[in-house]
Amino acid sequence: MKSGRDLRVVPPVDTTRVHTGEPENLPERFANRALGMKASEIRSLFAVASRPEIVSLAGGMPNLSALPMEMMASVTQKLILENGAEALQYGSGQGHPKLREQICDVMALEGIKAHPDDVIVTTGSQQALDLISRIFIDPGDVVLVEAPSYVGALGTFKQYEAQVVHVGMDQDGLIPQALRDAIKTTRAAGRKIKFLYLIPNYQNPAGVLLPADRRSEI
Ligand SMILES: Cc1ncc(COP(=O)(O)O)c(C=O)c1O
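Calculation notes
- Residues numbered from 1 in each chain as written.
- Predicted model: local features only at pLDDT ≥ 70, side-chain atom pairs only at ≥ 80, totals over all residues.
- Pairing = 2+ DSSP bridges.
- Helix = DSSP H or I, 4+ residues; strand = E, 2+ residues; numbered from the N terminus.
- pLDDT = per-residue confidence, 0-100.
- Contact = placed C-beta atoms within 7 Å.
- Near = placed C-beta within 6 Å.
- Nonpolar A, V, L, I, M, F, W, Y, C, P; charged D, E, K, R; others polar.
- Expected span 1.5 Å × (residues − 1).
- Buried ≥ 20, exposed ≤ 12 C-beta atoms within 10 Å, placed from the backbone.
- Arc of directions from axis to C-beta.
- Core = buried A, V, L, I, M, F, W, Y, C linked by C-beta atoms within 7 Å.
- Axes fitted to C-alpha atoms, helices over the stretch in contact; angles between N-to-C directions.

For the rest of this paragraph, the subject is the pairing of strand β2 (residues 163-167). Bridging between strand β1 (residues 142-146) and β2 involves 5 bridges; their strand directions are parallel. Its bridge partner lying in β2, Leu-144 is registered against Val-165.

In structure tokens form, the structure reads like this:
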């Protein structure tokens, strides 16, 4: 295999012979886009974080002791008993219409007016990052990100062959002047900036909050 590749595949089941290792010509069977794939940093991070002797501050692990487990169990039981036929069946790929309406109600509190048709419910934000990358990034496009930024997002941008450009931060998050400079330098180099990805609240991994005035400036 070429260097940088770390892929594991389950070969097709062949009941006529015992597999002794990788099938022949395995590397040639992969699509070209798989050539640059590497194991996600998240995988290595969780491999360390799940060791009992380690208290890891590296991953954004949910604090499970804060969850109301009994309440969640009774809500789940009620949902399945009263509405299981709908809850366990395939539904709208865009997300349950009622949930999309409620998401709009919550966003309205933040001053964002959206229609439920404009909302897509994803399985975690990682899926949203993948969808956004798929529709916006052409190979070679520049994505501006904070320095440092969230490894899961960086992996997705790289998978879609974006050129990731890091922009400086301080204790108040992304520095607006550093952003101006990065935009200027990138454009001067004839490269196309597709978007800025930033984490304004509890930035991962820096943990900082972007103040209101910087948000407006950015
Ligand atoms: C900034 C950021 N985005 C996305 C994620 C992943 O979110 P999800 O589990 O919803 O895919 C994390 C997880 O730590 C994160 O820190």
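Moving on, there is more to tell.
Let us look at the confidence of the model for the chain. Confidence along the chain averages 88 in pLDDT terms, with 90% of residues attaining 70 or more. Residue range residues 1-7 is modelled with pLDDT below 50. Its contacts to residues more than four positions away, or to other chains, number 12 contacts. Taken as a whole, residues 10-15 scores under 50 in pLDDT and shows 3 contacts with residues more than four places along the chain or in a different chain.

Take the site of the ligand next. Within the structure, the ligand sits among Gly-60, Gly-124, Ser-125, Gln-126, Tyr-150, Gly-152, Ile-199 and Asn-204. Split by residue class, the shell around the ligand holds 2 nonpolar, 6 polar and no charged.

Glancing now at helix α5 (residues 125-136). Residue pairs three or four apart in sequence face the same way in an α-helix, which turns once every 3.6 residues. Over its 12 residues, α5 runs 16 Å from end to end, which matches the ideal 16 Å to within 8%, given 1.5 Å per residue. All of the buried residues in α5 are Leu-129, Ile-132 and Ser-133. An end-on view of α5 places all buried positions within 100° of arc, on one side of the element. Residues of α5 that are exposed and angled more than 90 degrees away from the buried face: Arg-134 and Ile-135.

Time to look at the nonpolar core. Of all hydrophobic cores here, the largest spans 18 residues; its most connected members are Val-143, Leu-144, Val-145, Ala-153, Phe-157 and Ala-162. Mapped onto this core, the elements with two or more residues apiece are α5, β1 and α6 (151-159). Broken down by element, this core gets its largest block of residues, 4 residues, from β1.

Attention shifts here to the sheet that holds β2. Strand order in the open sheet formed by 3 strands is β2-β1-β5, and the pairing between neighbours is parallel. The open sheet terminates on both sides in strands that have one partner only, identified here as β2 and β5 (193-197). Neighbour-to-neighbour, the strand axes of the sheet open up by a mean angle of 25°, direction not taken into account. Direction of pairing for β1 relative to β5: parallel, over a ladder of 4 bridges. By the bridge assignment for β5, Val-145 is matched with Tyr-197. The strands touched by helix α7 (residues 176-188) within the sheet are β1, β2 and β5, with β2 carrying the most contacts at an inclination of about 145°.

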